[in-house]
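# Understanding the architecture of this molecule
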Amino acid sequence: MTRPPEILPAPVVSGAAAAAVDAVPMVTDAPPVVTGAGAVVTDVGPETAGAGTAVAEVRPVVADGGAGASAGGGERRPELPSLTGARWWAAFAVFVLHALVFLPVYPFQKSELFRHIHQWMPMQLGAAGVTFFFVLSGFIIYWSFRPGMPVPLFYRRRVLKIYPTHLVAAAAFVLVAGVPLHRLVVWLPNVLLVHAWVPKWSTVGGLNVPSWSLASEMLFYLSFPLLLPVVRRIPTRRLLLAAVLLVVAVLALHAAFYLWVPGPKGIANAFAPRLVPGDSSPHFELHASQAWFAQPDIPVAQSYWLGYTFPPARLPEFYLGVLTARMVLEGRWRSTRLAPPLLALVVAYAATWVVPIDFKMSALLIAPTAAVVATMAARDLQGIRGWNAHPRMVWFGNISYAFYLIQFPVMVLVTRFLIGGRQFGILGWAGFALLVLVLATAAAAALYHWVDLPIMNRFAGRSAPRAKAPPTMTP
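The paragraphs below set out a description of the structure included in this document. (Residues numbered from 1 in each chain as written. Predicted model: local features only at pLDDT ≥ 70, side-chain atom pairs only at ≥ 80, totals over all residues. Heavy atoms only, no water.)

### Remarks on the overall build of the protein chain
Selection rule: Runs of E in the DSSP output that reach at least two residues are strands. Runs of H or I that reach at least four are helices, and both are numbered from the N terminus. Exposure categories follow from relative accessible area, calculated using a 1.4 Å probe and restricted to protein chains: below 20% of the type maximum is buried, above 50% is exposed, and the middle band is partly exposed. In this description, contact between two residues means that some pair of their heavy atoms is separated by no more than 4.5 Å. Values of accessible area rely on a 1.4 Å probe in the Shrake-Rupley scheme; residue burial ignores everything except the protein chains shown.
Counting its regular elements, the protein chain contains 17 helices and zero strands. Counting the 475 residues in the protein chain, one finds 58% classified as buried. For the protein chain, long-range pairs separated by at least 24 residues make up 87% of all intrachain contacts whose partners lie at least 6 apart in sequence. For the protein chain, the exposed area adds up to about 18,100 Å²; of that, 69% sits on carbon and sulfur atoms.

### Looking at helix α8 (residues 212-232)
Stated formally: By definition here, a helix of n residues has an expected span of 1.5 Å times n minus one. To get the bend at a residue, fit one axis to the 7 residues ending there and another to the 7 starting there, then take the angle between the axes.
The end-to-end C-alpha distance of α8 is 30 Å, a good match for the 30 Å that 21 residues give at a rise of 1.5 Å each. Along α8, the sharpest change in direction is near 55 degrees and occurs at Pro225.

### A closer look at a nonpolar patch on the surface
The following threshold applies: Patch membership is restricted to residues that have no salt bridge and whose relative accessible area is over 30%. Joining uses 9 Å for like charges and 5 Å for the nonpolar side chains Val, Leu, Ile, Met, Phe, Trp and Tyr. When a carboxyl oxygen of Asp or Glu lies within 4 Å of a side-chain nitrogen of Lys or Arg, that pair is called a salt bridge.
Together, Leu184, Leu188, Leu192, Val194, Trp197 and Val198 make up a nonpolar patch on the protein surface, roughly 480 Å² of accessible area in all. Mapped onto the elements, Leu188 comes out in helix α6 (residues 184-191).

### What about the environment of Thr324?
We count it as follows: As used in this structure description, the phrase polar contact means that two N or O atoms lie within 3.5 Å; if the pair is within protein, one of them must be able to donate a hydrogen and the other to accept it, and residues adjacent in sequence are counted only when both atoms belong to side chains.
Within the fold, Thr324 resides in helix α12 (residues 311-329). By relative accessible area, which is 2% here, Thr324 ends up buried. Along the chain, Thr324 and Leu239 lie 85 residues apart, while their C-alpha atoms are 8.1 Å from each other. Here the side chain of Thr324 touches Leu320 through a polar contact of 2.7 Å, landing on its backbone oxygen.

### Some remarks on the packing of aromatic side chains
For clarity, the threshold we go by: By convention, a stacked pair of Phe, Tyr or Trp rings (six-membered ring in the case of Trp) has centres within 6.5 Å and planes under 30 degrees apart, an edge-to-face pair has planes over 60 apart, and any other such pair is tilted. Distance and angle both matter: a charge sits over a ring if NZ of Lys or CZ of Arg is within 6 Å of the ring centre and within 35 degrees of the ring normal.
Taken as a whole and assessed by the stated rule, the structure comprises 31 aromatic pairs. On the numbers, 6.4 Å between centres and 85 degrees between planes, the contact of Phe173 with Phe293 is edge-to-face. Of this pair, Phe173 sits in helix α5 (residues 151-177) while Phe293 sits in helix α10 (residues 290-293), and the two are 120 residues apart along the sequence. The two residues Phe173 and Phe293 agree in class, both being buried. Considering the side-chain rings of Phe220 and Phe318, the 4.9 Å spacing of their centres and the 20 degrees angle between planes classify their relative orientation as stacked. A residue pair is termed long-range when its members are at least 10 positions apart, and Phe220 in helix α8 and Phe318 in helix α12 qualify at 98 residues. Three or more aromatic residues joined by ring pairs form one cluster here, namely Phe134, Phe145, Phe154, Tyr155, Trp212, Phe220, Tyr221, Phe224, Tyr304, Tyr308, Phe318 and Tyr319. In this structure, Lys265 packs its charged tip against the face of Tyr258, placed 5.2 Å from the ring centre. Between Arg392 and the ring centre of Trp395, over which it is positioned, the NZ or CZ distance is 5.3 Å.

### Examining the side chain of His254
Assignment of secondary structure puts His254 in helix α9 (residues 239-260). Taking the relative accessible area as the measure of exposure, His254 reaches 1% and is therefore buried. Beyond its immediate chain neighbours, meaning those up to four positions away, His254 contacts Gly307, Asp358, Phe359, Ser362 and Ala363.

### Some remarks on the pattern of salt bridges
In the structure shown here, the tally under the stated rule is five salt bridges. Close ionic contact of Arg385 with Asp380 constitutes a salt bridge, the shortest N to O distance being 3.2 Å.

### Side note on unusual backbone geometry
With omega at 0 degrees, the peptide bond leading from Tyr106 into Pro107 counts as cis. The residue Pro107 is located in the loop between α2 (81-102) and α3 (112-120) in this model.

### A few points about the packing of α2 against α3
Applied cut-off: A fitted line through C-alpha atoms represents every axis, and for helices the fit uses only the stretch in contact; the resulting angles, taken between N-to-C directions, go from 0 to 180 degrees. An angle below 35 degrees is read as roughly parallel, one above 145 as roughly antiparallel, one from 65 to 115 as roughly perpendicular, and any other as oblique. Here is the rule for handedness: rotate from the far helix to the near one, and if that takes an anticlockwise turn smaller than a right angle the crossing is left-handed, while a clockwise turn gives right-handed. Gly falls in the polar group here, along with every residue not listed as nonpolar (Ala, Val, Leu, Ile, Met, Phe, Trp, Tyr, Cys, Pro) or charged (Asp, Glu, Lys, Arg).
It is at 11 Å that the axes of α2 and α3 come closest, and there the two elements cross at 155 degrees. By the criterion of interaxial angle, the relationship of α2 to α3 is roughly antiparallel. Judged by the sense of rotation from one axis to the other, the crossing of α2 with α3 is left-handed. Contact with α2, carried on its side by Leu97, Leu100 and Val101, involves Phe114, Ile117 and His118 of α3 and no other residues of that element. Partitioned by chemical class, the residues of the contact of α2 with α3 number five nonpolar, one polar and no charged.

### Some details on the environment of Lys360
Along the chain, Lys360 turns up in helix α14 (residues 357-360). Distance from Lys360 to Ala348, taken between C-alpha atoms, is 9.5 Å for residues 12 residues apart in sequence. Residue contacts for Lys360: discarding those within four places in its chain leaves Gln124, Ile267, Ala268, Asn269, Thr352, Trp353, Val354, Val355 and Leu365. There is a polar contact of 2.5 Å between the side chain of Lys360 and the backbone oxygen of Thr352.

### Some remarks on the packing of α2 against helix α16 (residues 391-419)
At their nearest, the axes of α2 and α16 sit 6 Å apart, and the two run at 15 degrees to each other. Considered as vectors, α2 and α16 are oriented roughly parallel to each other. Regarding α2 and α16, the two cross each other, and that crossing is left-handed. Here Pro81, Thr84, Gly85, Arg87, Trp88, Trp89, Ala91, Val94, Phe95, His98, Ala99 and Phe102 of α2 come into contact with α16, specifically with Met393, Val394, Phe396, Gly397, Asn398, Ile399, Ser400, Phe403, Gln407, Phe408, Met411 and Thr415.

### Digging into the environment of Val186
In this structure, Val186 sits in helix α6. Separated by 109 residues in the primary sequence, Val186 and Gln295 place their C-alpha atoms 9.4 Å from one another. Residues contacting Val186, with those up to four places away along its chain left out, are Val179, Ser202, Gly206, Leu207 and Phe293.

Quick look at the structure:
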């Protein structure tokens, strides 16, 4: 591989790998839920419940037997504002990691202080957000799928949800980074969302880095109508067993990657930003630099690519979310105690420090993540509304997809015009991170309200939301 002479050697899995932590809240536009009689769901569950309730009885929303795509007996599926609000925190975790890695603030990024901070905020911080969004995507897509919806309409809605915001963010990146459009390999696979299928960072991270996970989302949505009949055949009493087997299959898959696919085998958190010589900050982070765009080939460790960015390897997470939705809908998940699954998630996350890289990114996290999602949904059904269900948090959750996609172009913009050529310590980095957070949030709000909502309302068969409608899972 030919490297520009000014670029220092990178770790085995380097800053390019850190690009892969961009979580993609792709489920914001799930279609309006209808009952068996076709009534549109516009209401939410009870606003409050007893503050001291630890475990509440959650009545099945559908009848036992697996036909979980519609509410039986005329009941309507309530909306789940807590899950929408929680999406923001997953996106924020991704942002924190990206700000640490993709804001090239020198000499801070070359200091021992940075090394210690990054040791406690490694790549799996953002990877946990990816897992959350993939599991949540399966949950919401199943929860809100219309029985009898034509498959072309389903696909049209998903494409309209994904592509407009993706294309705007990609165009913003092209403008601020000066992408050489004559090099099709840099931008065309990314625009078409096929770049994650190629194990080369020149295509995986060649444009707006966070968009890698949209390739997985596209596979999820493509497969859903095709595999839905299979999912519905699983008897209600065997849903938990099916979910456990799916988790075991994921662990076995990653064990196979570890044993038989070339790649790093140690347990160290071997992820770090790629740095250039000097104590002055560069005007472009490496993934937005002309040196990066000119690379003929930027390979990545095969086991890492297969286990993290290769779309089929992430498919089980989506279907674990689908099975989780069925368990909640059909009364197989009744617990509203949030502390146990959150504790399990914390323990699983802590365990990522002592397992090989193949297991750090998702394998250990999918089961507790699904339990957290199921419990939050059960709490919403029972009317136990916490902070995440507040209308303001629901709004932040709704803009989180746009926030995820636009954050990196904003970082490139701030680096180019404010950071480059200067020197800063940790306080400088913190100030620029806060500035990017504010600018990216404002840009995400503009994208959501001026691009996403108008397009979905006009072309996706969705009626404009009423002025006083309650918070919803859909934009």
